[in-house]
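# Structural description and commentary
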Amino acid sequence: MLRRIFTQVAILVSIASLTAIILNHFGINIFASFFVGIVIQFLAYYTFIITLNTYVALKNKELDNERLKELSYQGLGVTCPCYKQINDFIPVRLNTPTYYRCSGCSKAISVLINTETAVVTEPQDSSIQHMNAILGKGIQNANP
Ligand SMILES: [Zn+2]
């Protein structure tokens, strides 16, 4: 920790000294240019930190939104069997037993998933051509 502080102060003084030497060649007071070098480094540092924090915050928000989006594909809205009947949205994995802690009663709740199957049907085509094909004769012939 102390070594890091000394390193940073050494870098700060080195860059400020270099700035003072360069600006002194152009006739600017060496102490004023040394001070300007230090101020410029602090401004650059804080600009970098603010930019980095903003970038990290935006990236975290983006990752959080992506995580919530993925979670919505793999989650269920469930109701706790306690008397409070609290509804929670929980992530569900089908390859492991699913447990969650109720947000109302703080008890560990196990989720049991019961599945059913059904045949997918398509809407029946009720056009006259289709009915003729099914009945083998013209529908309009059946009506006198
Ligand atoms: Zn509960």
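Remember, predicted model here, so these are calculated numbers, not experimental data.

For the rest of this paragraph, the subject is the overall build of the protein. Counting secondary structure elements, the protein contains 4 helices and 4 strands. The order of helices and strands in the protein, counted from the N terminus, is α-α-β-β-β-β-α-α. With the C-alpha coordinates of the protein rotated into their principal frame, the extents come out at 115 × 50 × 25 Å. When burial is assessed residue by residue, the protein has 3% of its 144 residues classed as buried. A sequence separation of at least 24 residues applies to 13% of the contacts in the protein between residues at least 6 apart.

For the rest of this paragraph, the subject is the domain arrangement of the protein. When its domains are assigned, the protein resolves into domain 1 (2-71) and domain 2 (75-111). For domain 1 and domain 2, the distance between their C-alpha centres works out to 48 Å.

Another point: the environment of Ile21. Along the chain, Ile21 turns up in helix H1 (residues 2-25). On the basis of neighbour counts, which here come to 13 C-beta atoms within 10 Å, the residue Ile21 falls in the partly exposed class. As for Ile21 and Ser33, which are separated by 12 residues in sequence, their C-alpha atoms are 8.1 Å apart.

The relative placement of two packed helices comes down to the angle between their axes together with the axis-to-axis distance. Look at H1 against helix H2 (residues 30-73): their axes get within 8 Å of each other, and the N-to-C directions meet at 135°. One way to sum up the angle between H1 and H2 is to call them oblique. For H1 against H2, the interelement crossing comes out right-handed. Residues Leu12, Ile15, Ala16, Ser17, Thr19, Ala20, Leu23 and Asn24 of H1 form the contact with H2, whose own contacting residues are Ile30, Ser33, Phe34, Val36, Gly37, Ile38 and Gln41.

As paired strands, strand E3 (residues 98-101) and strand E4 (residues 108-111) are joined by 4 bridges and run antiparallel to one another. Its bridge partner lying in E4, Tyr100 is registered against Ile109. In textbook terms, the turn of a hairpin is the stretch between consecutive antiparallel strands, and for E3 and E4 this stretch comprises 6 residues, one of which, Ser106, has a positive phi near 65°.

Right, let's talk about the environment of Ile22 for a bit. Its place among the elements puts Ile22 in helix H1. Each C-alpha atom of the pair Ile22 and Ser33 lies 8.7 Å from the other, and the pair is 11 residues apart in sequence.

The rules behind the values
- Counting from 1, residues in each chain are numbered in the order their sequence is written.
- At least 70 in pLDDT is required for a residue's local features to be given in this predicted model, at least 80 for side-chain atom pairs to be given and counted, and no such filter applies to totals for whole chains, interfaces and linings, which use all residues.
- A run of H or I in DSSP counts as a helix once it spans at least four residues, and a run of E counts as a strand once it spans at least two, with each numbered from the N terminus.
- Between the buried cut of 20 or more and the exposed cut of 12 or fewer other C-beta atoms within 10 Å of a residue's own C-beta lies the partly exposed class, and all C-beta atoms are placed from the backbone.
- Residue pairs qualify as contacts under a 7 Å threshold applied to their C-beta atoms, which are placed from the backbone.
- Domain limits in this description derive from either an automatic procedure or a database domain assignment.
- Under this scheme, a helix contributes an axis fitted over its contacting stretch, all axes are lines through C-alpha atoms, and angles between N-to-C directions fall in the 0 to 180 degree range.
- Oblique is the label for every angle not falling under 35 degrees (roughly parallel), over 145 degrees (roughly antiparallel), or within 65 to 115 degrees (roughly perpendicular).
- Crossings are sorted by hand: turned counterclockwise from the far helix by less than a right angle, the near helix makes the crossing left-handed, and turned clockwise it makes it right-handed.
- Two strands are counted as paired when DSSP detects at least two bridges linking them.

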